[in-house]
Amino acid sequence: MSFALLRRLLLALVLLLGLSVAQPAWADGSQLFELHCAGCHLNGGNIIRRGKTLKLAALERQGIASQEAIAAIAAQGQGQMSGYAEALGEDGVQQVAEWVWQQSQAGWPKA
């Protein structure tokens with residue numbers, strides 16, 4: 001088992017069991033996105049509302065064209081999406097927003 005996979009599994013277990021309110025120090029924006037966001041926003045898409053993706057053109061069309069705007073929505077929610085401030089914590093919200101913004105500008109390259 002790779003170290004990266006083991007880290008993801010351990011983070012998922014910690015979050016699932018509610019063992020920690022704060023994110024582990026080793027969790028980064030991509031890992032937090034995978035755990036909390038990718039279920040609906042896989043590869044920057046949106047399985048609930050097709051037009052509400054995290055692709056740069058869609059973000060710009062919706063007036064969400066900055067890391068700060070993404071962070072606000074990640075924390076507070078918008079429309080059908082709940083806020084994740086409690087689950088992610090302030091640092092986690094910022095890390096996810098930074099990672100989403102970078103991915104949107106890079107065209108959501110496949111890993």
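Here, the structure is the one placed above.
Remember, predicted model here, so these are calculated numbers, not experimental data.

Conventions we followed
- Per chain, the residues get numbers from 1 upward, laid out in the order the sequence is written.
- Totals for whole chains, interfaces and linings use every residue, but because this is a predicted model, local features are given only for residues with pLDDT of at least 70 and side-chain atom pairs only at 80 or more, for both listing and counting.
- For side-chain calculations, the full set of non-hydrogen atoms in the structure is used, while hydrogens and water are omitted.
- Put simply, DSSP marks the helices as runs of H or I at least four residues long and the strands as runs of E at least two long, and each gets a number from the N terminus on.
- With a 1.4 Å probe rolled over the protein chains alone, any residue whose accessible area is under 20% of its type maximum counts as buried; one over 50% counts as exposed, and the rest are partly exposed.
- For this analysis, residues touch if any pair of their heavy atoms sits within 4.5 Å.
- All accessible areas in this document rest on Shrake-Rupley with a 1.4 Å probe, and a residue is counted as covered only by the protein chains that are shown.
- An expected span of 1.5 Å times one less than the residue number is assigned to each helix.
- We define the bend at each residue as the angle formed by axes fitted to the 7 residues ending at it and the 7 residues starting at it.
- Centres within 6.5 Å are what make two rings of Phe, Tyr or Trp a pair, Trp counting through its six-membered ring; a difference in plane orientation under 30 degrees is then read as stacked, over 60 as edge-to-face, and the rest as tilted.

Here we come to the overall build of the protein chain. When helices and strands are tallied, the protein chain shows six helices and two strands. Listing the helices and strands of the protein chain from first to last along the sequence gives α-α-α-α-α-β-β-α. Expressed as a percentage of the 111 residues in the protein chain, the buried residues total 32%. Relative to all contacts within the protein chain whose residues are 6 or more apart in sequence, the contacts with residues 24 or more apart total 44%. As presented, the protein chain carries roughly 6,900 Å² of accessible surface, and 56% of it is formed by carbon and sulfur atoms.

In this model helix H6 (residues 85-105) runs just 24 Å from its N-terminal to its C-terminal C-alpha over 21 residues, more than 12% under the 30 Å that 1.5 Å per residue would give. For H6, the principal kink sits at Asp91 and spans about 80°. Those residues of H6 not exposed but buried are Leu88, Gly92, Val93, Val96, Ala97, Val100, Trp101, Gln103 and Ser104. Among the structural elements, helix H2 (29-36), helix H4 (56-61) and helix H5 (67-76) are those in contact with the buried residues of H6. Count one or two residues on from H6 and you reach Gly107, which has phi positive near 80°.

Attention now goes to the packing of aromatic side chains. On inspection of all chains with the given rule, the structure shows three aromatic pairs. Judged by centre distance (5.5 Å) and plane angle (45°), the ring pair of Phe33 and Trp108 falls under tilted. One end of the pair, Phe33, is in helix H2; the other, Trp108, is in the segment after H6, and 75 residues separate them in sequence. By the burial criterion, Phe33 is buried, and Trp108 matches it.

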